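# Tertiary structure, described
Read off the chains here:
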Amino acid sequence: MQSPAGKIERDTLQLAERLANDIAVAVLAPDKVLTLSQLAKHLRSTPERVESILPAMVNRGLVLVDKETITISSIDCKNILSRLSERLPLEQGIAQAAAMHATAADHARIGDAILLMNRSAQVGDIDGYMRADRALESAIGAASGLPADVERLVDIKHEFRRAWCAYNRLRDLNVPVAMRARLAKAILAKNPQAAVQAVADFIDYLKQSY
């Protein structure tokens, strides 16, 4: 049986991740200003519990806190665009390695993620789409066997995803999902060259999205 202290710690971690996720998918939009009570109401928690997770959120760069308000961190689209040149070769290397080394189990995970992305795109569910995109990224990363590169890419893509959710909610999700499906198809076909090109085409698409 879990101790009361252990349950409190688990619930606090879950609350922190819920807040982080709401910021990541722009449910809480960049630059939005809230009082502690408003944020607690949004998270369906108490002001005291929410206040306890704020230092960690500040350390992660997700919020700014002053005496009376909490501000969701801004997004600098110019900085995001400048990082595309860093993201491109990293993501291409991971995709190439995944195409060369993916196992049958990896193929199943990649296929499942694309299926979920397609379902979300068909109904315009951007939050579901982004969850599926993270699952696809995880599956491709695991297949690549390049954990250090995967960790770097996850860090870079966090702000890209946040900007996408904030500024592209009305876009047709069938366009990006088709491009991600091209990448998945190349990996499943064990075609490294096609995987590298699919990543390049997707990065070109992103340049027009911010």
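Higher on the page you've got the structure.
These notes cover the structure that comes with them. (Residues numbered from 1 in each chain as written. Predicted model: local features only at pLDDT ≥ 70, side-chain atom pairs only at ≥ 80, totals over all residues. Heavy atoms only, no water.)

### Regarding the packing of helix 5 (residues 84-101) against helix 10 (residues 192-207)
Where helix 5 meets helix 10, the axes come as close as 8 Å, and the angle between the chain directions of the two elements is 150°. Taken as axis vectors, helix 5 and helix 10 run roughly antiparallel relative to one another. Of the two possible hands of crossing, helix 5 and helix 10 adopt the one that is right-handed. Only Pro192, Ala195, Val196, Val199, Ala200, Phe202, Ile203, Leu206 and Lys207 of helix 10 make contact with helix 5, whose side of the interface consists of Leu84, Arg87, Leu88, Glu91, Gln92, Ala95, Gln96, Ala99 and Met100. For the contact of helix 5 with helix 10, the class distribution of residues is 13 nonpolar, two polar and three charged. (Axes fitted to C-alpha atoms, helices over the stretch in contact; angles between N-to-C directions. Helix = DSSP H or I, 4+ residues; strand = E, 2+ residues; numbered from the N terminus. Parallel < 35°, antiparallel > 145°, perpendicular 65-115°, else oblique. Left-handed = near helix turned anticlockwise from the far one by under 90°. Contact = heavy atoms within 4.5 Å. Nonpolar A, V, L, I, M, F, W, Y, C, P; charged D, E, K, R; others polar.)

### Description of unusual backbone geometry
Its identity is not glycine, yet Asp31 carries a phi of approximately 75°, on the positive side. Along the chain, Asp31 turns up in the loop between helix 1 (4-24) and strand 1 (33-34). Overall, the relative accessible area of 43% leaves Asp31 in the partly exposed class. You will see that Arg44, though not glycine, has its phi angle at about 55°, which is positive. Summarising the element assignment, Arg44 is placed in the loop between helix 2 (36-43) and helix 3 (47-59). Overall, the relative accessible area of 81% leaves Arg44 in the exposed class. (Buried < 20%, exposed > 50% of the residue type's maximum accessible area, 1.4 Å probe, protein only.)

### Considerations on helix 8 (residues 147-167)
Its 21 residues give helix 8 an end-to-end C-alpha distance of 30 Å, which sits within 8% of 30 Å, the value for a rise of 1.5 Å per residue. Largest kink in helix 8: about 30°, centred on Lys157. Within helix 8 the residues assigned to the buried category are Val150, Leu153, Ile156, Lys157, Phe160, Arg161, Arg162, Ala163, Trp164 and Cys165. (Expected span 1.5 Å × (residues − 1). Bend = angle between axes of the 7 residues up to and from the residue.)

### Notes on the sheet that holds strand 2 (residues 63-65)
On the basis of which strands lie adjacent, the open sheet formed by three strands has the order 1-3-2 and antiparallel pairing. The sheet terminates laterally at strand 1 and strand 2, the two strands that pair on one side only. Judged from the two bridges that link them, strand 1 and strand 3 (residues 70-72) form a sheet pairing that is antiparallel. Bridging from a neighbouring strand, Val33 pairs with Thr71 of strand 3. Relative to the sheet, helix 3 contacts strand 2 and strand 3, its axis offset from that of strand 2 by approximately 125°. (Pairing = 2+ DSSP bridges.)

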